[in-house]
Amino acid sequence: MKAKNIAIILAAGKSRRWGGNVPKQFDIIDGRKMYACSVETFNKHPQIDEVVIVVPDGYQDEVSRENNWCKVTKIVSGGDERFNSSMNVLQALGNEKDDTIVLFHDAARPYVSSEIIDRVLEMMKNYNAVTAAIPATDTIAQMNDDKNNIKDIPDRQFILQVQTPQGFKISTIREAYNSAKKDGNFTATDDCGVVLKYLNHEKIGIAQGDEKNFKYTFGVPNKLSDNLDVSAR
Ligand code: CTP
Ligand code: MG
């Protein structure tokens, strides 16, 4: 039997950089709640079998009420950091067979397209871990530890801006997170980073993303210093 493809919509963030009265993924854009846009796109994709939504504590009822998507099988509570939300959902999917494919997607990227999903799934035929990404257009600079000077400017031709969806064979991402849990200093801002750090034999495929698949991050313009304070998130 063909392996199952499960989309995971990560919608449990606190939007600290965005501000506002509700987390950004529950703000209205284009006439509906932001998280609903990507749920809809995955729900109608012919190769996606199930959709799981990860929500902040207190949002279970609201999302359950709004759930009129036929493929949504679970609404899971998230954790403090993004990686805690990923761990929670992997636990909730504990009974899935090893060859199940999971696609983690940021609810804060409402304009994901079915073509990007196609490309990530296509790459999954050759890899156990894949990320959508686009070439960096701006030059990217690394700061010194005090964050007040430029330390390095890596060659832009080798720099990508990483997006989601990120696809994994579920046994691969489980193994990566199991190793991460044993590391007291573990932290991560995406799921591929966990594979990169803890399963270094595993190659991570690159699928073409799209500039339109940006992540809503900052709300009202902040001072640079405000942004730097939360740069680790
Ligand atoms: N996310 C999550 N659980 C968390 C943190 C983040 O599910 N504990 C989700 C967010 O809802 C978002 C994506 O992961 O869809 C990460 O994007 P980001 O811009 O970092 O969102 P927030 O973490 O909410 O924002 P901030 O970092 O500014 O607090
Ligand atoms: Mg965050």
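You'll find the structure just up there.
Throughout what follows, the structure given in this document is the object of discussion. (Residues numbered from 1 in each chain as written. Chains lettered and ligands numbered in written order. Predicted model: local features only at pLDDT ≥ 70, side-chain atom pairs only at ≥ 80, totals over all residues. Heavy atoms only, no water.)

**Things to note about the overall build of the protein chain**
Along the backbone of the protein chain there are seven helices and eleven strands. At 17 Å, the protein chain has a C-alpha radius of gyration in line with the 17 Å of a compact globule built from 233 residues. For the C-alpha atoms alone, the extent of the protein chain along its principal axes is close to 55 × 45 × 35 Å. For the protein chain, the share of sequence-separated contacts (at least 6 apart) that also reach a separation of at least 24 residues comes to 71%. (Helix = DSSP H or I, 4+ residues; strand = E, 2+ residues; numbered from the N terminus. Rg over C-alpha atoms; globule rule 2.2 N^0.38 Å. Contact = heavy atoms within 4.5 Å.)

**A few points about the nonpolar core**
The biggest cluster of nonpolar side chains holds 29 residues, and the ones touching the most others in it are Y35, V39, F42, I48, V51, I53 and L103. Sorting the residues of this core by element identifies β1 (5-10), α1 (34-43), β4 (50-55), β5 (72-77), β6 (101-106), α4 (114-123) and β7 (129-135) as the ones contributing at least two each. Leaving out residues up to four positions away in the same chain, V51 has contacts with A7, I9, V39, F42, N43, K71, V72, T73 and K74. By size, the runner-up hydrophobic cluster in this structure holds 28 residues, among which are I6, V89, V195 and Y198. (Core = buried A, V, L, I, M, F, W, Y, C linked by side-chain atoms within 4.5 Å. Buried < 20%, exposed > 50% of the residue type's maximum accessible area, 1.4 Å probe, protein only.)

**Re the site of ligand 1**
Close to ligand 1 lie 20 residues, the nearest being R16, R17, K24, S85 and K215. Within the backbone of A12, one N or O atom sits 2.9 Å away from an oxygen atom of ligand 1. Here K215 contributes a side-chain N or O atom positioned 2.7 Å from an oxygen atom of ligand 1. Here ligand 1 has 560 Å² of accessible area as a free molecule, and 96% of this is covered by the chains. Its residues placed into classes, the shell around ligand 1 shows five nonpolar, five polar and ten charged. (Near = heavy atom within 4 Å. Polar contact = N/O pair within 3.5 Å; in protein donor to acceptor, adjacent residues only side chain to side chain. Areas by Shrake-Rupley, 256 points an atom, 1.4 Å probe, with all protein chains shown as cover. Nonpolar A, V, L, I, M, F, W, Y, C, P; charged D, E, K, R; others polar.)

**Considerations on the pairing of β5**
Pairing between β4 and β5: five bridges, direction parallel. Each residue of the ladder has a partner; that of V55, found in β5, is S77. This β-α-β element, β4 to helix α2 (residues 60-66) to β5, shows right-handed connectivity. (Pairing = 2+ DSSP bridges. Right-handed = clockwise from strand over helix to strand, strands pointing away.)

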